[in-house]
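Next come the chains, spelled out residue by residue.
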Amino acid sequence: MITKRELRNLAGSADESNNSVLTVYLSVDPAKVSNTNRGFESTLHRLLLASHPPVHGVAEARRFVEAAEYIQKFVSGFQPQRRTLALVYDQADRFFWVRELNVRLQDSAHWGLRPYLKPLTEAIGAFDQYAVVLIGDSRARLFKLVLGEIKEYLKPAGDTVPSIERMILNEHIDRLILAGPNVLTAKLLRAVPKRLKRITIGRVELPLEAGPESVLKAVSPVIEAFEHEQEAKLVDDLISAASGTSRAVTGLGRTLEFLNEGSVANLVYTEGLQAAGYECPQCAALFSHDRERCSYCGSPLIVVNNLSERMIERAADSGARIHPLPSQDAMPLSAAGGVGAFLKIARVSHRAPL
Ligand SMILES: [Zn+2]
């Protein structure tokens, strides 16, 4: 399972002086007819060698071949379990990243300055899109932020507020940051319509001529603080919903119980959560506590050391949204073992009547 943070780190991992990053999305789905007898290996060969992405010059060709060989070697020893393999190899520093995903993505290979993450970000679809309005005395500039990258959107023509609104609409912006001299951003914040005010998460002081990298540097702490705040609120909401209503549960055992029944809508847990437990080889149910047989189908259980990973995968497969939280934000959840879930439907009591 890929987290927002991981993708953001990945987006910022390349050194970006030369094309050196090969990104591959490959369907390895064992259920696909074309993948019997490891057909995905020939698909990869075709992607990389027959119709490989454009490469210029001898030195770049050498870098590409090294990256292509590395990825092919990895795939040739790989035993697929899920649908798609996402691979990134940066020849410049021999950085390698791979994930097996349970979503279907188009087979493709991309060569460039940095990892090509669009298929992943679209698949995940749970990212807030941020934009920055940088204003000066007579004009404004608009920037869009995607996964740690910044792009100047356009030179707005005409009035500032209508061009902000157009960008928000066209670019599906969720959150806005105002930048510029304090007095101007304060004035702008008073002037914008309520719906823009609602999505504005902060203001930073910057000169109008600031370059994109300086803008990014200035707004990053605002975004980080906002995300921490959202995560802390999520934990508070979870704990109060679990104690006061029937729409949430906390604790590993309770969470697994509802996960086994497919009724988890949002799984919330502390990043790096470690737990061992039991899995049913027959119906794949997971259990945190010592028992011999599956309470759903009666099969003998097997011990699994990576229960938390199984839980996260199972939740993602069932369409639940996954919220890994840094331990400082998830602190209030630690008394409940660092895990809990919002449920699709209100839970019914599982306890036998007294
Ligand atoms: Zn079972």
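Structure's up top.
Note that the structure is predicted; figures quoted are calculated from it, not measured.

## Focus on the pairing of strand E8 (residues 175-179)
Of all the 5 residues making up E8, 5 are buried; the element is thus mostly covered by neighbouring parts of the structure. Here strand E5 (residues 130-135) runs beside E8; their pairing, made up of 5 bridges, is parallel. Counted as the bridge partner of tyrosine 130 is arginine 175 from E8.

## Structural notes on the nonpolar core
In this structure, Val264, Leu267 and Ala341 are the most contacted members of the largest nonpolar core, which totals 34 residues. Listed in part, the 27 residues of the second largest apolar core include Phe40, Leu87, Val88 and Leu101.

## Topic: the pairing of strand E3 (residues 95-101)
It is a general feature of regular strands that their side chains alternate between the two faces of the sheet. The sheet contact formed by strand E2 (residues 84-90) and E3 spans 7 bridges and is antiparallel. When the sheet's bridge partners are listed, leucine 87 is paired in E3 with valine 98. In sequence, E2 turns back onto E3 through a hairpin of 4 residues, with arginine 94 there showing a positive phi of about 55°.

## Regarding the sheet that holds strand E13 (residues 286-287)
Taken together, 3 strands build an open sheet; the order of strands is E13-E12-E14 and the sheet is antiparallel. On the outer flanks of this sheet lie E13 and strand E14 (302-304), each paired with one strand and no other. When strand E12 (residues 277-279) meets E14, the two strands line up antiparallel, connected through 3 bridges. When the sheet's bridge partners are listed, glycine 277 is paired in E14 with valine 304.

## Some details on unusual backbone geometry
The backbone of asparagine 37 shows a phi angle near 55°, a positive value even though the residue is not glycine. Mapped onto the fold, asparagine 37 is located in the loop between strand E1 (21-27) and helix H2 (39-50). We classify asparagine 37 as exposed; it has 8 C-beta atoms within 10 Å. Although it is not a glycine, arginine 38 sits at a positive phi angle of roughly 55°. By the secondary structure assignment, arginine 38 is in the loop between E1 and H2. Since 16 C-beta atoms lie within 10 Å of it, arginine 38 is described here as partly exposed.

## Some thoughts on the sheet that holds E2
Backbone-to-backbone hydrogen bonds join strands into a sheet, with any given pair of strands oriented parallel or antiparallel. The sheet built from 4 strands is open, its strands ordered E3-E2-E1-E4 with antiparallel pairing. Each edge of the open sheet is held by one strand with a lone partner, namely E3 and strand E4 (108-112). Averaged over all neighbouring strand pairs, the angle between strand axes comes to 10°, with direction disregarded. Where E1 lies against E2, 7 bridges are found, and the strand directions are antiparallel. Paired with threonine 23 across the bridge in E2 is valine 88.

Cut-offs applied
- Residues numbered from 1 in each chain as written.
- Predicted model: local features only at pLDDT ≥ 70, side-chain atom pairs only at ≥ 80, totals over all residues.
- Buried ≥ 20, exposed ≤ 12 C-beta atoms within 10 Å, placed from the backbone.
- Helix = DSSP H or I, 4+ residues; strand = E, 2+ residues; numbered from the N terminus.
- Pairing = 2+ DSSP bridges.
- Core = buried A, V, L, I, M, F, W, Y, C linked by C-beta atoms within 7 Å.
- Axes fitted to C-alpha atoms, helices over the stretch in contact; angles between N-to-C directions.

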